[in-house]
Amino acid sequence: MSRQIVTGVATCLTVAGGLLIAVSLPAAVGAAEAPHEGAGSGWSTISAGGLYTCGVRPDHTLWCWGDNSVGQLGLGDAKTRTSPIQVGVASDWVGLATGFDHTCAIRTDHSLWCWGSDRGGQLGLGPTGKRKAPTQVGAGTDWTGVAAGYTHTCGIRSDHTLWCWGGGSFAGQLGLGDLTDRSSPTQVGTRTDWAMVKAGDSHTCATRTDHTLWCWGYNGQGQLGLGDFTDRSSPTQVGSRTDWADLSAGDGYHTCATRTDHTLWCWGHNGVGQLGLGDTTNRTTPSQVGTASDWYGLSAGHKQTCATRPDHSLWCWGLNNSGQLGVGDTTDRTVPTQVGLGVGWAAVSAGGSLHTCAIRSDHTLWCWGYNAQGQLGLGDRDNRTVPARV
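As the structure is a computational prediction, the values presented were derived from the model and not from experiment.

Novice: Would you mind showing me how to read the overall build of the chain here?
Specialist: Within the chain, the secondary structure is distributed over 0 helices and 31 strands. In the chain, buried positions account for 60% of the 390 residues. Put simply, of all contacts in the chain between residues at least 6 apart along the chain, 50% involve residues at least 24 apart. Working note: accessible area of the chain is about 12,500 Å², and carbon and sulfur atoms make up 52% of it.

Novice: Looking at this structure, I do not really get the environment of D210. What am I missing?
Specialist: Of note, D210 is situated in the loop between β17 (203-208) and β18 (213-217). With 33 residues separating them along the chain, D210 and D243 place their C-alpha atoms 8.0 Å apart. Reaching out from D210, the side chain makes a polar contact with the side chain of T212 at a distance of 2.6 Å.

Novice: What is the right way to read the state of the cysteines from this model?
Specialist: Disulfides are covalent bonds that link the sulfur atoms of two cysteine residues. Applying the stated criterion across every chain, the model contains 7 disulfides. Between the sulfur atoms of C306 and its disulfide mate C316 the distance is 2.1 Å. Across the S-S bond linking C306 and C316, the dihedral sits near 110°, which makes this disulfide right-handed. Separated by 10 residues along the polypeptide, C306 in strand β25 (residues 304-308) and C316 in strand β26 (residues 314-318) bring together distant segments of the chain. C316 carries the same exposure label as C306, and that label is buried.

Novice: Before we go on, may I ask you to explain the pattern of salt bridges in this structure?
Specialist: Where side chains of opposite charge bring their charged atoms close, a pairing between them can arise. Counted by the stated rule, this structure contains 15 salt bridges. The shortest N-O distance in the salt bridge between R384 and D380 comes to 2.8 Å. Several salt bridges converge on common partners, so that one network encompasses R191, D193 and R208.

Novice: Can you walk me through the environment of T281 in this structure?
Specialist: Counting through the fold element by element, T281 comes out in the loop between β22 (264-268) and β23 (283-288). On a C-alpha basis, the gap between T281 and G271 in space is 6.6 Å, while along the polypeptide they are 10 residues apart. In contact with T281, not counting residues within four places along its chain, are N270 and L275.

Novice: Whenever I open this one, the sheet that holds strand β9 (residues 102-107) confuses me. Can you help?
Specialist: As a general point, the strands of a sheet are linked pairwise by backbone hydrogen bonds and lie either parallel or antiparallel. With respect to topology, 4 strands assemble into an open sheet ordered β8-β9-β10-β11, the strand pairing being antiparallel. For this open sheet the edge positions go to β8 (93-98) and β11 (131-136), each flanked by a neighbour on one side alone. With strand direction ignored, the average angle separating the axes of adjacent strands in the sheet is 20°. With 5 bridges connecting them, β9 and strand β10 (residues 112-116) associate as antiparallel partners. The partner of A105 across the bridge, within β10, is W113.

Novice: Would you take a moment to explain the side chain of Q324 for this structure?
Specialist: By the secondary structure assignment, Q324 is in the loop between β26 and β27 (333-338). Since its relative accessible area comes to 0%, Q324 is described here as buried. Reaching out from Q324, the side chain makes a polar contact with the backbone nitrogen of S322 at a distance of 2.8 Å.

Novice: Can you help me understand the packing of aromatic side chains in this one?
Specialist: The geometry of two aromatic rings is summed up by the distance between their centres and the angle between their planes. For the coordinates displayed, the defined rule picks out 12 aromatic pairs. Seen in terms of ring centroids, W93 and W115 are 6.0 Å apart; in terms of plane orientation they differ by 65°. Their pairing is edge-to-face. In this pair, W93 is assigned in strand β8 and W115 in strand β10, connecting sequence segments 22 residues apart. The exposure classification of W93 matches that of W115, with both residues buried.

Novice: Is there a simple way to think about unusual backbone geometry in this case?
Specialist: If a residue is not glycine, its phi is most likely negative; likewise, a peptide bond is most likely trans. Even without being glycine, H110 reaches a positive phi, approximately 65°. Take H110: it is sitting in the loop between β9 and β10. Of the residues examined, H110 reaches a relative accessible area of 37% and is grouped as partly exposed. One non-glycine residue with positive phi stands out, namely H211, at about 70°. Relative to the helices and strands, H211 is located in the loop between β17 and β18. What makes H211 partly exposed here is its relative accessible area of 37%.

Novice: I tried to follow the sheet that holds β27 on my own but got confused; where do I start?
Specialist: If you walk across this open sheet you meet the 4 strands as β24-β25-β26-β27, and the pairing is antiparallel. The open sheet is flanked by β24 (298-300) and β27, the only strands paired with a single partner. This sheet shows a mean twist of 10° between the axes of neighbouring strands, independent of strand direction. In terms of strand pairing, β24 meets β25 through 3 bridges, oriented antiparallel. Bridge assignment links L298 to a residue of β25, and that residue is A307.

Novice: Honestly, the nonpolar core in this entry has me stumped. Any pointers?
Specialist: Within soluble globular proteins, side chains that are nonpolar generally end up buried alongside one another. Counting 14 residues, the largest nonpolar core has L162, W194, V197 and W216 as its most contacted members. The greatest single-element share of this core, amounting to 3 residues, is contributed by strand β16 (residues 194-199).

Cut-off values and rules
Within every chain, residues take consecutive numbers counted from 1 along the sequence as written. In view of the model being predicted, local features appear only for residues whose pLDDT reaches at least 70, and side-chain atom pairs are presented and counted only at 80 or more, with totals across whole chains, interfaces and linings using the full set of residues. The side-chain quantities take in all heavy atoms of the structure and omit both hydrogens and water. Segments assigned H or I by DSSP are reported as helices when at least four residues long, segments assigned E as strands when at least two residues long, and all are numbered from the N terminus. Remark: exposure states derive from per-residue accessible area (1.4 Å probe, protein chains only) relative to the maximum for the residue type, with buried under 20%, exposed over 50%, and partly exposed in between. Contacts were defined at the residue level, with two residues in contact if any of their heavy atoms lie within 4.5 Å. Surface accessibility follows the Shrake-Rupley procedure with a 1.4 Å probe radius. Residue values consider only the protein chains on display as shielding. Polar contact criterion, stated in full: a pair of N or O atoms within 3.5 Å, where within protein one must be able to donate a hydrogen and the other to accept it, and residues adjacent in sequence count only if both atoms are side-chain atoms. Two cysteine sulfur atoms make up a disulfide if the distance between them is within 2.5 Å. For this analysis, a salt bridge means a side-chain nitrogen from Lys or Arg found within 4 Å of a carboxyl oxygen belonging to Asp or Glu. Pairing between strands is defined by DSSP: at least two bridges between them are needed. The axes are straight lines fitted to the C-alpha atoms, using for helices just the contacting stretch, and the angles between their N-to-C directions are given from 0 to 180°. When the centres of two rings from Phe, Tyr and Trp lie within 6.5 Å, Trp using its six-membered ring, the rings pair. Their planes under 30 degrees apart give stacked, over 60 give edge-to-face, and anything left gives tilted. Put simply, a nonpolar core is a bunch of buried Ala, Val, Leu, Ile, Met, Phe, Trp, Tyr and Cys residues held in one set by side-chain atoms that sit within 4.5 Å of each other.

In structure tokens, the structure reads:
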């Protein structure tokens, strides 16, 4: 999960599961820079979790909505919300990661805060149970990135070390060489060259500063990209290439990544076409999606995938039973399909329970798909098959 993106008009800053990494997005032909809507209005970051969503506004306030059964909205209670509600009064949030039902975020002082479910120790607070409000993880002020999975969390510190915690007993998704849960951040190996980390349902992938790609955890559908179905409890390099740029670990046992030449590659489970390869056959190694070399932002959700192109068009594919692809129907797609005919999309986050949200270059927020818990933020519980403005 953990899909959080800070957007600009011509540049996106990917915060989720990694360092702040600038990704240039060429402006659409003839497009003018959109005006900034000012503090407190518009959206700069969005992260679609399980049955809920959180976002950060340009004034660095944090807002959440949707399912709140275990306090994952951080509002101090367990009441579901169908519209965005501010989390506390702080205005210093910069990084954000939503898991299935827990949330973590980073403040401007680089402190890390988590809340929601803690059944695997994924809050990193020791054996203390769930939290309904943001609670600081340790006393460190050197966190630069965070990624939230189903019951595990990983983060990168300013010295480029990688730390994971939470549920590791299922398949070794913490990367610590064993199948043991951890209730506090534990360093993964001793390397100091980790650049970005993304957490899926029960697997984890990360890039190093040399642009190599490494994955570990559950591999029952080939989502580690290692050519087999064997789980790994330690980081294992995916091939030998040194040109991986961005990545996203999905909640439906698949992984996608872009290379520095802006080609898009996906692998793992493909039962409903979420790999975008025109079929429903699983892949155990990275497979190129089409022949295009103009992919920039991407997000892998439950069994759907979405990505943007440099003309700011948005494309989605995979499972569409609740309209989560945003193409106006509930028919699955096995190849990338454009969402509407418009451009102006700056960032996208595919959720872990059949919904999708995206930010446009004018900082407006749009959501669509499954809405039983109000996770679209539209004030109701009705599904949408096309983007609806929040």
